[in-house]
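# Tertiary structure, described
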Amino acid sequence: MHWLLIPFLLLAHAEKAGVKLKDIPTDGDTSIIIKKGAIADQCVDYQIIDGTEEVSGDPAYDRGEAFSSWKSACDEWKKSMKEMNKGNQIITLNCNSGKASKEDDRFAFVSTGSYKLKTKVREKK
């Protein structure tokens with residue numbers, strides 16, 4: 001007969017698990033995550049990287065052709081930056097204004113492109 005009382009005794013010692021969500025604003029974006037373990041072990045660290053790079057087009061005798069070459073170089077630079085940064089996030093990517101120069105009757109456009117990237121540094125699960 002005592003073996004019938006064992007399940008009832010185990011239930012009597014079980015603690016009730018619960019989470020109260022009182023006073024948490026839910027307007028806008030809200031995430032509630034419940035995980036077991038230390039919070040520091042579940043963090044993802046990001047780093048913001050910003051820099052510059054020269055963007056230049058091919059020289060041409062026609063100023064319009066030189067500008068078109070620079071625009072193509074700008075588009076190619078942006079495409080390359082996006083391909084290298086697939087897993088992370090581009091915050092800003094700008095070729096800025098191209099400046100013309102003339103040497104030996106040939107025009108060339110050059111600019112200093114700027115970027116800001118958010119990259120994942122560490123992730124623990």
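### Things to note about the overall build of the chain
Looking only at helices and strands, one finds two helices and four strands in the chain. Helices and strands appear in the chain in the N-to-C order α-β-α-β-β-β. Here the chain holds 125 residues, and 16% of them are scored as buried.

### Overview of the packing of aromatic side chains
This model, assessed by the stated rule, comprises two aromatic pairs. Between Phe-67 and Trp-70, the aromatic rings sit 5.5 Å apart at their centres with planes inclined by 40°, giving tilted as the arrangement. Taken together, the positions of Phe-67 and Trp-70, both in helix H2 (residues 63-84) and three residues apart, correspond to about one turn of that helix. In this structure Trp-70 comes out as buried when scored by relative accessible area, which is 5%.

### Re the confidence of the model for the chain
With 63% of its residues at a pLDDT of at least 70, the chain reaches an overall mean of 79. When pLDDT is averaged over each helix and strand of the chain, the minimum, 53, is found for helix H1 (residues 2-13) and the maximum, 94, for H2.

### Regarding the environment of Ile-90
Its location among the elements puts Ile-90 in strand E2 (residues 89-94). A C-alpha to C-alpha distance of 8.6 Å links Ile-90 and Thr-119, two positions 29 residues apart in sequence. Excluding residues within four positions of it along the chain, Ile-90 makes contact with Met-81, Lys-82, Asn-85, Lys-116 and Leu-117.

### So, the nonpolar core
What tends to happen in soluble globular proteins is that the nonpolar side chains get buried as a cluster. With 13 residues, the main nonpolar core has Trp-77, Met-81 and Tyr-115 as its most contacted residues. Within the residue set of this core, elements represented by two or more residues are H2 and strand E4 (106-123). Top element by residues in this core is H2. It accounts for five residues. In contact with Met-81, not counting residues within four places along its chain, are Glu-53, Ile-90, Leu-93, Tyr-115 and Leu-117.

### Let's talk about the environment of Gly-64
Structurally, the position occupied by Gly-64 is in helix H2. With a relative accessible area of 38%, Gly-64 lands in the partly exposed category. As for Gly-64 and Ala-108, which are separated by 44 residues in sequence, their C-alpha atoms are 9.9 Å apart.

### Some words on the side chain of Ser-69
Following the sequence through the fold, Ser-69 ends up in helix H2. On the accessibility criterion, Ser-69 (17% relative accessible area) is buried. Among the polar contacts listed, one links the side chain of Ser-69 to the backbone nitrogen of Asp-58, at a separation of 2.6 Å. Among all residues touching Ser-69, those that are not within four sequence positions of it are Gly-57 and Asp-58.

### Points about unusual backbone geometry
Among all residues save glycine, negative phi is the norm, and among peptide bonds the norm is trans. A positive phi is found at Asn-96, a non-glycine position, where the angle reads about 65°. Note on placement: Asn-96 falls in the loop between E2 and strand E3 (99-103). Accessibility expressed as a relative area gives 35% for Asn-96, which makes it partly exposed. Phi is positive for Asp-104, which is not a glycine, with a value near 55°. With respect to the helices, strands and loops of the structure, Asp-104 is situated in the loop between E3 and E4.

Definitions and cut-offs
Residues numbered from 1 in each chain as written. Predicted model: local features only at pLDDT ≥ 70, side-chain atom pairs only at ≥ 80, totals over all residues. Heavy atoms only, no water. Helix = DSSP H or I, 4+ residues; strand = E, 2+ residues; numbered from the N terminus. Buried < 20%, exposed > 50% of the residue type's maximum accessible area, 1.4 Å probe, protein only. Phe/Tyr/Trp six-rings, centres within 6.5 Å; stacked < 30°, edge-to-face > 60°. pLDDT = per-residue confidence, 0-100. Contact = heavy atoms within 4.5 Å. Core = buried A, V, L, I, M, F, W, Y, C linked by side-chain atoms within 4.5 Å. Polar contact = N/O pair within 3.5 Å; in protein donor to acceptor, adjacent residues only side chain to side chain.

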